[in-house]
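Analysis of the macromolecular model
Residue strings, one per chain:
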Amino acid sequence: MKITRLSDAPVVSFALDGKVMSDSADFQLIHLCLKPGQKLEKHRNPFDTIFYVIEGKAIIETQEGIVSAEADMVIELSRTVERSVENNGLTDFRMHVIKKLLTGEKTSIENTFQNAH
């Protein structure tokens, strides 16, 4: 078991308030915080990405459209999708960014629990 506290997590290598919560060969989990009015400019990643919104509100814009992101929402983005994120709220926008570094075989939760016994 490995436990990482946000306060102890390493800082990301780019100029945003981000911390690397977990890092492996398969995925990376980043805790990202955007202040009100702060924007992550339009970009594309060489990996698929999943956003889990913890708190706050933001606009996520892609060529597929605009989404008003809010707490307890999951947004999945393919590596081919260009995106930007802008905190349009009055409070911090915090989310977990999951970078899927490898595309592997899907495993259902049921199979995982059955194989654990």
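Presented here is an overview of the structure given in this document. (Residues numbered from 1 in each chain as written. Predicted model: local features only at pLDDT ≥ 70, side-chain atom pairs only at ≥ 80, totals over all residues. Heavy atoms only, no water.)

Our focus in this paragraph is the overall build of the protein. Per the secondary structure count, the protein includes 1 helix and 9 strands. Listing each helix as α and each strand as β along the protein from the N terminus yields β-β-β-β-β-β-β-β-β-α. Across the 117 residues of the protein, 33% fall into the buried class. Across the protein, the fraction of contacts at a sequence separation of at least 24, relative to all contacts at a separation of at least 6, is 61%. Carbon and sulfur atoms provide 53% of the accessible area of the protein, an area that totals close to 7800 Å². (Helix = DSSP H or I, 4+ residues; strand = E, 2+ residues; numbered from the N terminus. Buried < 20%, exposed > 50% of the residue type's maximum accessible area, 1.4 Å probe, protein only. Contact = heavy atoms within 4.5 Å. Areas by Shrake-Rupley, 256 points an atom, 1.4 Å probe, with all protein chains shown as cover.)

Let's shift gears to the nonpolar core. In terms of nonpolar packing, the biggest core is built from 19 residues, with Phe51, Val85, Phe93 and Met95 touching the most fellow members. For this core, the elements supplying multiple residues, two or more each, are strand 2 (27-34), strand 4 (48-55), strand 5 (57-62), strand 7 (74-77) and strand 9 (93-100). Filtering out sequence-adjacent residues up to four positions away, Val85 remains in contact with Leu34, Gln38, Lys39, Leu40, Phe51, Ala58, Ile59, Ile60, Phe93 and Met95. (Core = buried A, V, L, I, M, F, W, Y, C linked by side-chain atoms within 4.5 Å.)

Here we have 4 strands laid out as an open sheet, ordered 3-8-5-6, and antiparallel in their pairing. Of all the strands in the sheet, the pair left with one neighbour each is strand 3 (39-43) and strand 6 (65-70). Across the sheet, the mean angle separating the axes of adjacent strands is 15 degrees when strand polarity is ignored. Bridge count between strand 5 and strand 6: 6 bridges; the pairing is antiparallel. The residue of strand 6 that forms the bridge with Ile60 is Val67. (Pairing = 2+ DSSP bridges. Axes fitted to C-alpha atoms, helices over the stretch in contact; angles between N-to-C directions.)

Here we take up the sheet that holds strand 2. Pairing is antiparallel across the open sheet formed by 5 strands, whose spatial order is 1-2-9-4-7. A strand with exactly one partner marks an edge of an open sheet, and here the two such strands are strand 1 (17-23) and strand 7. The mean inter-strand angle of the sheet, taken between neighbouring strand axes irrespective of direction, is 20 degrees. As defined by bridge partners, strand 1 adjoins strand 2 across 6 bridges and the pair is classed as antiparallel. Bridged to Asp17 within strand 2 is Cys33.

For Asp72, which is not glycine, the phi dihedral falls at a positive 65 degrees. Along the polypeptide, Asp72 turns up in the loop between strand 6 and strand 7. Classification of Asp72 by relative accessible area gives exposed; the value is 62%.

Bear in mind that shape data such as this cannot, by itself, settle questions of function.
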